[in-house]
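# Fold and geometry: a report
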Amino acid sequence: MIHLVLGGARSGKSRYGVALVADYVAKGYECLFVATAQALDEEMAARISRHQTERAQDELPWQMLECPLALSECIEANAQENRVILIDCLTLWLTNQLLEGDAWCDAKAALLRALKTAPGAIVLISNEVGSGVVPGDPLSRRFVDEAGWLHQAIAELADKVVLVCAGLPLTLKNADA
């Protein structure tokens, strides 16, 4: 089962994703939190620290992994029946990939292959960035384009796609309905 949860900054998408995980935990699933952020500056380091503290205080029995680049390998190594994996977030992973070099197409293809074959449940959190103005520089324009194409490819595979705005989920796709 693949869930794609999209939303803007501070939309409530991560909170919604954690609630999805809680539903799986109530059914007896283990839960794994995969964080994709890298502390490239002090502000991001503080955000990561805050999130780590929040997860440690959470009622869910999280296992935690940091995975800024090798996401497909992480899924292949950790996905299993009766486990739900929360990946937060795809757009940070995309940023890491684009800053790393020219391997983005291969990384994206590997992620899509891993998602297609992964057992258990996966909840993917990502920022919807295509609703704003066209960015002024080439790297930012590429980021917006690649994020949009990544979301479309995952949405095609996903069993459920939800857009969260102001803390309110809007179901865009539900294969169970």
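Computed from a prediction, not measured in an experiment: that's the story for all the values here.

### Quick word on the pattern of salt bridges
- Counting across every chain of the model gives two salt bridges.
- The closest approach of N and O atoms between Arg 142 and Glu 146, which form a salt bridge, is 3.5 Å. Highlighted residues: Arg 142 and Glu 146, both in helix α6 (residues 138–157), separated by four residues, approximately one helical turn.
- Look at Arg 142 and you get partly exposed, because its relative accessible area is 31%.

### Digging into the nonpolar core
- Grouped together as the largest cluster of nonpolar side chains are 31 residues, with contacts concentrated most on Leu 71, Ile 75, Leu 90, Leu 111, Leu 124 and Ile 154.
- When residues of this core are traced back to their parent elements, those giving at least two are β1 (2–7), β2 (30–35), α3 (71–78), β4 (83–88), α4 (90–100), α5 (104–117), β5 (121–127) and α6.
- Excluding its chain neighbours within four sequence positions, the residues that come into contact with Ile 75 are Ile 87, Leu 111, Ala 114, Leu 115, Ala 118 and Ile 122.
- Judged by nonpolar contacts, the second largest core, of 19 residues, contains Tyr 24, Phe 33, Val 123 and Val 164.

### Quick look at the packing of aromatic side chains
- Across all of its chains, the model carries three aromatic pairs by this definition.
- Centre to centre, the rings of Tyr 24 and Tyr 29 are 4.9 Å apart; their planes meet at 65 degrees, and the pair counts as edge-to-face.
- Lying over the aromatic face of Tyr 24, Lys 27 brings its terminal NZ or CZ to 5.3 Å of the ring centre.

### Considering the side chain of Lys 13
- Mapped onto the fold, Lys 13 is located in helix α1 (residues 13–26).
- One buried charged residue, Lys 13, forms no salt bridge at all, with the nearest opposite charge on Asp 88 at 6.5 Å.
- Ignoring any residue separated from it by four or fewer positions in sequence, one finds Lys 13 in contact with Val 5, Leu 6, Gly 7, Gly 8, Ile 125, Ser 126, Asn 127 and Val 164.

Reading guide: rules and limits
Residues numbered from 1 in each chain as written. Predicted model: local features only at pLDDT ≥ 70, side-chain atom pairs only at ≥ 80, totals over all residues. Heavy atoms only, no water. Salt bridge = Lys/Arg side-chain N within 4 Å of Asp/Glu carboxyl O. Helix = DSSP H or I, 4+ residues; strand = E, 2+ residues; numbered from the N terminus. Buried < 20%, exposed > 50% of the residue type's maximum accessible area, 1.4 Å probe, protein only. Core = buried A, V, L, I, M, F, W, Y, C linked by side-chain atoms within 4.5 Å. Contact = heavy atoms within 4.5 Å. Phe/Tyr/Trp six-rings, centres within 6.5 Å; stacked < 30°, edge-to-face > 60°. Lys NZ or Arg CZ within 6 Å of the ring centre and 35° of its normal. Lys, Arg positive; Asp, Glu negative; His and termini not counted.

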